Amino acid sequence: MNARTDTDLLLQSTSQSLARLSNAQLDALEEETIFILREVAASFERPTLLFSGGKDSLVLLKCAEKAFGIGRIPYPLLMIDTGHNFPEVTDFRDARARELGAELIVRNVEDSMKRGTVRLAHPDESRNVHQSVTLLEAIEEFRFDALIGGARRDEEKARAKERIFSHRDSFGQWQPKDQRPELWTLFNTRLAPGEHFRVFPISNWTELDVWQYIEREDIALPSIYYTHKREVVERRGLLVPVTELTPPRDGEQIQVRDVRFRTVGDITCTCPVDSLAADAGDVVIETLAADVSERGATRMDDKTSEASMEKRKKDGYF
């Protein structure tokens, strides 16, 4: 999961008795990401950057700032909103877009429900999986030919299979057994009408890399990424936040615990973890000791089956 934990990466500080983790790999990762962001701008007519307000998309935005300059990012930001996102994250998303002077496009799953293109099996069903429909509708509306996302290969098995430039057919679907080769830094960006690419510039980063970069670059994040007190219940090995959307079930005992979120998404399927980490440096230390991936530790929607993420991605998910 977090591959860079070898003892040779621990440098003994001369001024303190504490060991400090080297972040020398970040320069190479940042350089690769900036190269890919510029390649997208040069190769496609209507790209967009998927921006949720989460840590990975904020790292992408920081690299885009370095690639193009503040106020000069050459593609809009796109958010697919389920209507059930954490308000701390959506408020931060809006503020960050204004700060950058970037165009922010928000499309809502609720609008797809009104059009009848999304139908819930029951009122309490999570809307998370239905983002695929709204995303494909946004692609058709704006004729996007490349969507830049913050997915990383260390997050989940299906994402580990995916290329940096990931081709989608005219139905928006991904074919994992029919992917284009990527040799060195040569990317095949050829598209037929109606097709598009999903591009993942931080594919080769790990969760640890992301947090080291956040610490090094002093990137601001939504407050729920750090320790705070929250009502939760224990369910299927996860800490489920107690909200109007996720009330406790019969027999579950509400606890107030010190938690933080390792990843953010729809309230109905995203869980926090126990943590006292108050800043990025503390999170780096916690991440070194983690033995479960962030999605494995926090996402209810990935618990349905071993292939749940791959099935969603084939249908157009991020």
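Residues numbered from 1 in each chain as written. Predicted model: local features only at pLDDT ≥ 70, side-chain atom pairs only at ≥ 80, totals over all residues. Heavy atoms only, no water.

(A) Layout of the sheet that holds strand β8 (residues 196-199). Taking strand neighbours across the sheet as the criterion, the six strands line up as β5-β4-β3-β6-β8-β7 in an open arrangement whose pairing is mixed. The outermost strands of the open sheet, each flanked by one partner alone, are β5 (104-108) and β7 (165-168). The sheet shows a mean angle of 30° between the axes of neighbouring strands, direction not considered. In the sheet, strand β3 (residues 47-50) pairs with strand β4 (residues 77-81) via two bridges, with the strands oriented parallel. If you follow leucine 50 over to β4, its bridge partner there is leucine 78. (Pairing = 2+ DSSP bridges. Helix = DSSP H or I, 4+ residues; strand = E, 2+ residues; numbered from the N terminus. Axes fitted to C-alpha atoms, helices over the stretch in contact; angles between N-to-C directions.)

(B) The pattern of salt bridges, seen in detail. This structure, assessed with the given rule, holds 26 salt bridges. Between glutamate 294 and lysine 55 there is a salt bridge, and its shortest N-O distance comes to 2.6 Å. Separated by 239 residues along the polypeptide, glutamate 294 in helix α9 (residues 294-298) and lysine 55 in helix α2 (residues 55-68) bring together distant segments of the chain. The residues glutamate 294 and lysine 55 share a single accessibility class, namely buried. (Salt bridge = Lys/Arg side-chain N within 4 Å of Asp/Glu carboxyl O. Buried < 20%, exposed > 50% of the residue type's maximum accessible area, 1.4 Å probe, protein only.)

(C) Fine view of helix α7 (residues 207-217). The element α7 is extensively covered by neighbouring structure, given that nine of its eleven residues are classed as buried. Residues of α7 that are buried include every one of Glu207, Leu208, Asp209, Val210, Trp211, Gln212, Tyr213, Ile214 and Glu217, and no others. Positive backbone phi, approximately 55°, marks aspartate 218, located one or two places after α7.

(D) Spotlight on the sheet that holds strand β11 (residues 255-260). The sheet built from four strands is open, its strands ordered β10-β9-β11-β12 with antiparallel pairing. One side of each edge strand has no neighbouring strand; the edge strands of this open sheet are β10 (238-241) and β12 (273-274). With five bridges joining them, strand β9 (residues 228-235) and β11 adopt antiparallel strand pairing. The residue of β11 that forms the bridge with lysine 229 is aspartate 258.

Treat this as a map of the structure, not an account of what it does.
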